[in-house]
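Below, each chain spelled out in residue letters.
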Amino acid sequence: MALEEGARSCLLRSRHRLEQDIKPSYLMDHMVSDGVLTVDEEERIRTQPTRKDQAVALLELLLRKDNRAYISFYNAMVKEAYNDLANLLHRDLPRVLPEAHFRLSDCCTPHVQAVLSEGGVPQRPVVFVSRPELVNRVREKLYRLQKEPGWVTVFGMAGSGKSVLAAEAARHHGLLEECFPGGIHWLSIGQLDKPDLLVKIQLLCFRLEQSLDSQSLHRTPNTLDEAKERLRFLMLRRYPRALLILDDIWDSTVLKAFDLHCRILLTTRNRSLTNSVSGAIYEVEVESGLDENKGMEILALYTNTKLHGLPEEARSIVRECKGSPLVVSLIGALLKEKPNRWPYYLRQLQQKQFKRIRKSSSYDYDALDQAMAASIEVLPDEHRELYKDLTVLEKDIRVPAKVLSVLWELEPEEVEDILEEFVNKSLLFVDSHNKPYLYYLHDLQLDFLVEQNRTQLESLHKKVVHQYQQHYRDGPPTSGDEDCLYWIRFLTYHMAKANLFQELYSLMFSLDWVSTKAQLMGPAFLINDYVEYGPILDKENCEVRSQFQEFLSLSGHQLEQRPFPDVVQLALSQPHTSEVYRQALLQARDQAGTGKLYFEWLNKSSVESLSRLVIHPHQGSIYSACFSQDGAKIASSGASKTLKVFKSTSGEKLAEIQAHDDEVLCCAFSPDDRLLATCSSDRKVKVWNVERAILLRVFEEEHEEQVNHCQFTNTTRSLLLATCSNDNFLNVKLWNLNKPSSQNTMFGHFKPVNHCCFSPDDTYVSTSSNDGTVKLFQVASANEWKTISVSDVFAESDEDVLVKCSTWTADGKRIVCAARNAALVFDVETSEMLLEIRTNRLSTVQYCHACPTSNLLAIALSNYTVELWDLEANKKMADCSGHLSWVQRVQFSADGSQLLSCSDDQTVRLWETKKVHTSSAVCLKRDSDVLFNEDAIVVSAADYCNRLQVRDGRTGSVLFQSEEKSSRIRCTCMCRRPSAVALGQEDGTVQVLALPSGELLAALPGHAKTVLHCRFSQDGRTLITSSEDATLRVWRWQSGECKVLQGHKEQVRRFSLLATDTRLLSWSFDGTVMMWDMESGEKLQDIEAHRGAVLSCHVSPDARHFATTSADKTAKLWHCESWQCVHTLSGHQDCVRSCRFSWDNRRLATGDDNGEIRLWSAEDGSLLRICSRDGKDGMDSLHGGWVTDLHFSPDDSLLVSIGGYIKWWDVGKGEALQTFFPTGTALKRIHVSADFSTFVTIDSIGILYILQRVL
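Residues numbered from 1 in each chain as written. Predicted model: local features only at pLDDT ≥ 70, side-chain atom pairs only at ≥ 80, totals over all residues. Heavy atoms only, no water.

- For the chain, an unreviewed UniProt entry supplies the name Apoptotic protease-activating factor 1 and the organism Cyclopterus lumpus.
- According to UniProt, the comment filed for the chain under the heading Subcellular location (unreviewed entry) is "Cytoplasm".
- What the UniProt record of the chain gives under Function (unreviewed entry) is the line "Oligomeric Apaf-1 mediates the cytochrome c-dependent autocatalytic activation of pro-caspase-9 (Apaf-3), leading to the activation of caspase-3 and apoptosis. This activation requires ATP." (UniProt positions renumbered as here; feature names shortened; annotations may be inferred.)

What follows is the structure, given as structure tokens:
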């Protein structure tokens, strides 16, 4: 039969939408199963080069097929959650298959009805929804009985709808005519003893004989054997082509009474029953129950509501029912009586309050309990006890046999046999797609067990804990197998349920447990444990619980790295008062005796950690993150094209959606938290169901350029979605989600619009544009109300003013706009500027958000920080440091208690608003100098206020601080005698200051450009400087005498003094290396060392050789006397950034911009080792960034390197021994004490690290 014209037209109308969005490979699996698509046709479509080409080919084929293919295509889209596309096809569905509301199908003729009625087959239930896939599978098996007798077994758990399926399968004209012309006879069995079974067979024989002439009537058989023989005679001689349906068989002995070599369909919970009978056996498993759409149909029929008219709770209710027709019908019956209780019954289901639901219902729900009890009762006594142990399982959790092997102290093979028995009796389900097999209970089964064993729950959980402790007495499992993961995930749950609080404290207050669980499962599960069991743990010690939770929250992103970091080393960075630190220090000291390396952060008390939680959700920049209205969830999106949803308490991932074909620029929750909107560079706007993570709406026709921002109204009173884009004219739109096109378009901007947001009362929407204005539009009319010209504030500049965003204050009377390096506050009524907040001149404001409950304003900046300002006091309240790249978005939670920020560094950070304040830790620049004086450590560096600071490294106290300099300080160095510090500035000047007085000892002008490096000679009388002006200068700084060393053509970033203090080695971006006599200023040597810039140089300790590294990806070894190149070292795949000789002069270490470190023989230039390549990070680097500095230990057994983090290496093996993760990144230089015990560096966000080896 050809495709109906209406269906054909619908396909043609919807063709473009379908081609854009469907994934044919998913849909074709269903269509092949339905028999409307051949394997050859599927293969031809799969060979098309792109997804879209496959979609085009599939639709072409559909147009040439019949109505069945159209219906199968529609059903496949529903199953794969293309609900919006399926809705396009629904109206024109051909009337081939029975609809839910038809009482008769095309194949259920009056003849069929008469035959089934005579045979005692039950009528359809009052509320009936077809399940064509399962029905067709049963019919297909029944057709196999056409030529020879046999058994068709329909098995599944109680309440799965087996009886209805069996009756429906028989309701088919073709099946009766071709296979069972002798009729169909139904016998309900249940749990029977022999007398009851005899009565059943007597009644069946009487019914069969009623249809024959009176001569064939016999006396009633008096024994079971006699009844069986009478039934055999009737079935084989009088009804050889009849079907006998045995409903609800429990016992194999009962089944043997019907082993008559006839055609039988039976329903049962015990799959293995037919093992005891003869003949062909065919099986159909009813495992998953109803799909969601069928469940929705049942609810619609019970409540007399159209499908599209069902409330939002309907689908959630169906999901909570886990596909059980019995439970869906139960809820439907309740709602029929009380139709206003949708939210109430959903809550009851979510809280697993089945008992309360039962008490509310007149529906025969007790049948399920009776069936479960009877199923368990037939188990052997020892197996019944084992089944009781399953009461302790969490809902929806699947366990491997090995877990139960530990619990039951049985061999795994024996456990598998027992579990197979449970599965065969439909007391348990098995996921056979997984290896090893995983076993689980249906919620209804688990609910029954809990009710039955409520008084024993504590002891059952204690048994689990005891068995675990016995089996793993030598330490927790670490293999990562399914059984291991179960114990690691749920041991705390069982301890809490068993009221084993002391064991729970010991476990969760243990750094070893933290390390084990974090390595196997990630930090989110651990954080969840501390949140969930917090009330229990707090009774023991709330401070310790808080310390462990804080450690995990702030170190979570590092605990997700691979290779897995050393938890003890991470914990050593915790405050000295923390129990986490105390345990780490004990372990570090213990393991230090075996040669293990650990390092304490001595000055950590001077650095406050302000963020509460760090999440690393995406690979690539994060452009948007937002709170749900209740603050419980966070959504994020960015360059990875995905949308992710997390718990705000722990960072546990709740959903991940491949949202768009290009970068996702914004995401936003609806005011009721049910929906999420996303917009993208692919020009589409999409709306998602949060709970189910499925697509509800796509708006793709109207925006012609990338969509920059989307925002819902603040209330659901009249829910609208605003979007704005890079379109030149039609760039701001309002969408009603119930309409396919935009409700309104706002006109006024003629350049891209970056941001849009509603006023607190949803009266206005504000838009921020590259045309330098913020416009306020009336939502009701879409008319422009007023324009605020932000560009007028920057009238002194000729450059375009791009307004990044705007935000409304809580009272709706002021609006704050972000442009350039300022946040500008305007009065909404008068458009007058009230306040101007200017931030750092070198950074731009990326985003701002006003707190909905206070006067705070959060500002996201390109200099990696978040600032908090009080709008009333016009005062900065906090600098929130921690991000390692541009901060793209900030948002307060609805109650103002929390603040989130997201960044190009791939992280989302959460901050507690009340705890955030101006940090006491002063941010320092990375160019620094360090003096090690016995136990003292003195550090000099410029701070972010452009003041020079000299600090005691151990205590953090400031020994000296200069006034703010007018020109940026670029380098510094210190002199022991006299006690002085020098600084070089961007304007080319050099100053020498006395310590600690700060008296100006010398001002040394001369360089024409930035001074890049400076250093005192050993006697302190000479100061050498190098500059961007391509010169070096040798100063007798006390007299002002100066020698200028000229010869390089490009900037001289560094230089090196030879041991004699009379010769100087310099290198430059021009590829040259030069040797100078410092006394005379004469150039002694000049070589073209590399084709690219020379990036580093080091002289061997014996002064016989020096090494150079370059942007040309090579390193070279040179002879100091002959100045000949001894070896060229090739192999690095990127710029070679650093080098260092070993103290014995035999090795050279080199590091490159890809994070790779190589060890070479200085004698023959051969490659000795490439330091371990394991563990590329998200930046695709082996070291978190460029390797910028290297140092050998005095005995040359160890090497320290810095890049994105600090690593210590075993030189002999080339293996990493320890890693220290700073808060920031891009470390530039590390200063090492002579005994290789103390290490000093400064990271990209200005935090100073004094690290000392734990001994």
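## Quick notes on the pairing of strand β25 (residues 773-778)
Working step 1: Most of β25 sits out of view: five of its six residues are buried.
Working step 2: Sheet topology note: the strand β24 (residues 764-769)/β25 ladder contains five bridges and is antiparallel. The residue bridging S766 from the neighbouring strand is L776, located in β25.
Working step 3: Between the end of β24 and the start of β25, which pair antiparallel, lie three residues, with G772 showing a positive phi angle near 85°.
Working step 4: In the sheet, β25 pairs with strand β26 (residues 784-789) via five bridges, with the strands oriented antiparallel. In the sheet register, F777 faces β26, and the bridge partner there is E784.
Working step 5: Hairpin connection between β25 and β26: a loop of five residues separates the two successive antiparallel strands, and A782 in this loop has a positive phi of roughly 65°. (Buried < 20%, exposed > 50% of the residue type's maximum accessible area, 1.4 Å probe, protein only. Helix = DSSP H or I, 4+ residues; strand = E, 2+ residues; numbered from the N terminus. Pairing = 2+ DSSP bridges.)

## Comments concerning the packing of aromatic side chains
Working step 1: Counted by the stated rule, this structure contains 26 aromatic pairs.
Working step 2: Summarising the aromatic geometry, the rings of F599 and F1239 are spaced 5.5 Å apart at their centres and angled 85° between planes, so their arrangement reads as edge-to-face. Taken together, the residues span a long stretch of sequence, with F599 in strand β9 (residues 599-601) and F1239 in strand β67 (residues 1238-1242) at a distance of 640 residues.
Working step 3: We classify F599 as buried; its relative accessible area is 2%.
Working step 4: Assessed through its relative accessible area of 2%, F1239 is described here as buried.
Working step 5: Seen from their ring centres, W601 and Y1249 are 4.7 Å apart, and the 35° between their planes marks the pair as tilted. (Phe/Tyr/Trp six-rings, centres within 6.5 Å; stacked < 30°, edge-to-face > 60°.)

## Focus: the sheet that holds strand β49 (residues 1041-1045)
Working step 1: Ordered by their spatial adjacency, four strands build an open sheet running β46-β47-β48-β49, and the pairing between neighbours is antiparallel. Since the sheet does not close on itself, it has two edges, and those belong to β46 (1011-1016) and β49, each with one partner. Sheet twist, expressed as the mean angle between neighbouring strand axes with direction ignored, is 20°.
Working step 2: Both strand β47 (residues 1023-1027) and strand β48 (residues 1032-1036) contribute to a ladder of four bridges, which runs antiparallel. Paired with L1023 across the bridge in β48 is W1035. (Axes fitted to C-alpha atoms, helices over the stretch in contact; angles between N-to-C directions.)

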